[in-house]
Amino acid sequence: MDSSSLIRKTGADLRVAPNLADYAAERRRFSWEAVGRELGAQPDGGLNIAWQALERHAQGALRDKIAFRFLNREQAARSVSYGELSRLASRFCNVLRGLGIGKGERLFILAGRIPELYVALLGSLKNGTVVSPLFSAFGPEPIATRVNLGEGAVLVTTDMLYARKVAKWREQMPSLKHVLLVAEEGGATNVPGTLDLATLMAAAGDACDITPTAAADMSLLHFTSGTTGTPKGAVHVHGAVATHWATGRYALDLHAEDIYWCTADPGWVTGTSYGIVAPLLHGVTSIVDREEFDAERWYGILQDQGVTVWYTAPTAIRMLMKSGAEIPRKYRFPQLRFIASVGEPLNPEAVRWGKEVLGLPIHDNWWQTETGGIMIANTPAFDIKPGSMGRPLPGIDAAIVRHHEDGSASLIETPDVEGELALRRGWPSMFQAYLNNEERYRKCFAGPNNEWYLTGDLARRDADGYFWFVGRADDVIKSAGHLIGPFEVESALMEHPAVAEAGVIGKPDPVVGEVVKAFVSLKQGFAQSEALRLELLGHARKRLGAAVAPKEIAFLTTLPRTRSGKIMRRLLKARELGLSEGDTSTLEAGG
Ligand code: AMP
C-alpha cells in the first residue's frame, strides 16, 4: 500500500478524548484481571451479564437514564430507562420461574427488534437461562433445526411469526415446553398451546434476585452465519462481559454521554454483543430501529437521533454508496464522531466514502461468532490503512500461522506472508464449545498446549502490525500456482465507478486449477452491457495484473447474502457449477 492513502488521525477527527490514545502503552499495561476490577464485583460473588450490564446501573446513578430508544416505523421512539428495563427483565425472570424454567435451560427468541426481545434476553440471563436469539426472517426449517440442536425449552415469539413459521412445525420440536407470544398489534393473544406474554408479565413481580452464575456458566448460544457450511452452535459464557466492556471501550470508543446505534440484528452475534451487552455495560443510550435498511431512513436516523457512535456493516455501507450522493446532501451529522464496521472486509473505497460523505473515516474491525467480541480493530489511537482490519486490541494476541496436515501449526513471523489468522486463547469471550460437536471444536486449536485458536480466515500482517484479510480459508482461489483472496479482486472491481458490489469465486479449470470469476451488481444509473463487461475486465486487469484479475465477469442484480449481510461466495460457486446449494437457511430473501 502506498503511504499516501493512509488516513491520518488528526485532532479534528477526535471530537472527544479517545479511551485509547496510546496503543502500545495500553497493550503493555492491560490485564483481564484489571478489567474485572474495573467492572466491580457482584454482591453475590458470582458473575452474570445482566447484573453487570443492567442491574449495576439500575441500582445506581443511571436508574433514570435512557437505555434504549426503540423506533417504530414512523420513527416515533419508545424510550426505556435502565431502571424500567431492569424491572421488566425481573418480571420476565419471574415469569420463567413461575413456569419452572431454570438455570442452564435454553430459551429461543424469534422476533423483530421489539422491546420484548431485549427484555426477554436480559430477563433470561437474570434467571441463568441460556438465550439464543434467531433472525425473525428465518423460515420454519432453520428455526426447527436450531431449536432442536439447542434443545430449546422455551420459545418467545410473536403471534404472527408463530402462525406463519412455528404452529405447523411445533410437533417437530419436542423439547419445547412453553411458547410465549407477543401480540404484534398490541393487546393479548389467545392461541392454543401457547401463553400470552403480556398477561404473564402483568401478573409477575417487579423484583427478583439474580440466579447465581459464575464466569464459566453458559449464557448465550449463537449460530454461525454459515457462509461456508452448515451453521454451528457456538456456546458463550457469562465471563464474556469482560471482553464486551474492554472492546466497547477500545474499538467503539464508547463514552457515557454517547448516543449509539448498532444496526445489527440480535440474531447475529454482533446485535447481541454490541447491540445489547456492550452499550449497556458502558451506560450509553442506544437506538434500536425495527425497520430494515433504507438509505433515506438511515441518514434520517443518524441526523434526527443525534447518533454519536455508529456501528454498522460493509453491506449497509455499500448500499448507502449505491444509493448515490444526492440523499446524504439533505442531511447533517454534526454529532456523529466515530464510525465502525464489521462482518466482512471493508473495501478501501468505502473507508474513503465515509470521510467524504459522513465526514469521518470508517473503522473496520474483525471478529466472528466464535470469538464473542472484537479482536482486531482500527482504533482511534492510530492511522487507518484503508482495507486493513487494524491491529489486535489490548488483551488480544493475534498471529499468522501455517496450519499443517497433521493438525500442528507454526507461526509465520515474516511480514506480508499469507497464512491462517490465529488468536492466543485466554480472552474471556472465546466460545467454549460447538454444541454437540466436540470433535469440530477440538480441531479449532493447535500449537503447544493447543494455545492457538485457528479462525478459518486467511490473512497477512504487515511490518507495522496491521492485519489484512485475505479470505475465508474455504473461499480462497488457487489459480496457476497463485493463491488469490476474493476480497482483493472484489475491492479492485469496486473501485470502478459503475460497480456497487462484487463477489468473486474460483471456477475449476483443467489447466490452471481454478480461474477467477466475478459477479458484479451495478450502481444506480449504470446498465449492464457487453461494453461495460469488457471495460470491467480491462479495469481489473490493469489494477491486479493478469494472474489475479478475473477471466470472467457476469452481472447480477443483487448478490446472495446472509441475513447479517455477508456475500455468500459458496452459493455463487454452487450455482455456477450447478451443484447443490447446501444449507441456505441464513440466506437473505431474494438472494
Ligand atoms: P460471523 O461469525 O457470522 O460474524 O462471521 C465471521 C466471519 O466474517 C469472519 O471469520 C470473517 O471471515 C468475516 N469477517 C468479519 N469481520 C470481518 C472484517 N472486518 N474483515 C473481513 N472479514 C470479516
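Thresholds applied
- Residues numbered from 1 in each chain as written.
- Predicted model: local features only at pLDDT ≥ 70, side-chain atom pairs only at ≥ 80, totals over all residues.
- Heavy atoms only, no water.
- Phe/Tyr/Trp six-rings, centres within 6.5 Å; stacked < 30°, edge-to-face > 60°.
- Helix = DSSP H or I, 4+ residues; strand = E, 2+ residues; numbered from the N terminus.
- Buried < 20%, exposed > 50% of the residue type's maximum accessible area, 1.4 Å probe, protein only.
- Pairing = 2+ DSSP bridges.
- Salt bridge = Lys/Arg side-chain N within 4 Å of Asp/Glu carboxyl O.
- Core = buried A, V, L, I, M, F, W, Y, C linked by side-chain atoms within 4.5 Å.
- Axes fitted to C-alpha atoms, helices over the stretch in contact; angles between N-to-C directions.
- Contact = heavy atoms within 4.5 Å.

Caption draft 1: Highlighting the packing of aromatic side chains. This model, assessed by the stated rule, comprises 24 aromatic pairs. Residues Tyr274 and Trp367 carry aromatic rings whose centres are separated by 5.2 Å and whose planes lie at 75° to one another, so their mutual orientation is edge-to-face. Of this pair, Tyr274 sits in helix α10 (residues 269-281) while Trp367 sits in the loop between β14 (362-366) and β15 (376-377); the two residues are 93 residues apart in sequence, bridging distant segments of the chain. A single burial state applies to Tyr274 and to Trp367, both of which are buried. With a centroid separation of 6.2 Å and an interplanar angle of 55°, the aromatic rings of Trp427 and Tyr453 are classed as tilted. Linking Trp427 in the loop between β19 (419-424) and β20 (433-434) with Tyr453 in strand β22 (residues 452-461), this pair joins segments that are 26 residues apart in sequence. Grouping residues by exposure puts Trp427 and Tyr453 together as buried.

Caption draft 2: The sheet that holds strand β1 (residues 66-71), seen in detail. With respect to topology, 9 strands assemble into an open sheet ordered β2-β1-β11-β10-β12-β13-β14-β15-β16, the strand pairing being mixed. Two strands in the sheet have a free side with no partner beyond their single neighbour: β2 (77-81) and β16 (391-392).

Caption draft 3: Broad picture of unusual backbone geometry. Here Asn436, not a glycine, exhibits a phi torsion of approximately 55°, which is positive. Its location among the elements puts Asn436 in the loop between β20 and α15 (438-442). Even without glycine at this site, Asn450 takes up a positive phi of about 50°. Along the chain, the position of Asn450 falls in the loop between β21 (445-446) and β22.

Caption draft 4: Seen up close, the pattern of salt bridges. Scanning all chains against the criterion turns up 39 salt bridges. Between Asp289 and Arg297 there is a salt bridge whose closest N-O contact spans 2.6 Å. The exposure classification of Asp289 matches that of Arg297, with both residues buried. A salt bridge links Glu349 to Arg352; its shortest N-O distance comes to 3.5 Å.

Caption draft 5: Representation of the nonpolar core. The biggest cluster of nonpolar side chains holds 122 residues, and the ones touching the most others in it are Phe92 and Tyr311. Formed by 29 residues, the second largest nonpolar core is a distinct cluster that contains Ile7, Ile327, Phe333 and Ile384.

Caption draft 6: Layout of the sheet that holds strand β27 (residues 513-522). In space, the 3 strands of this open sheet follow the order β26-β27-β28, with mixed pairing throughout. Strands at the two margins of the open sheet, each flanked by one partner only, are β26 (499-509) and β28 (552-555). In this sheet, neighbouring strand axes are inclined to one another by 25° on average, regardless of whether the strands run parallel or antiparallel. When β26 meets β27, the two strands line up antiparallel, connected through 10 bridges. By the bridge assignment for β27, Gly503 is matched with Phe519. Contacting β26, β27 and β28, helix α16 (residues 486-494) crosses the sheet at an angle of about 140° to β26. Of the strands in this sheet, β26, β27 and β28 are in contact with helix α18 (residues 569-577), which crosses β26 at around 55°.

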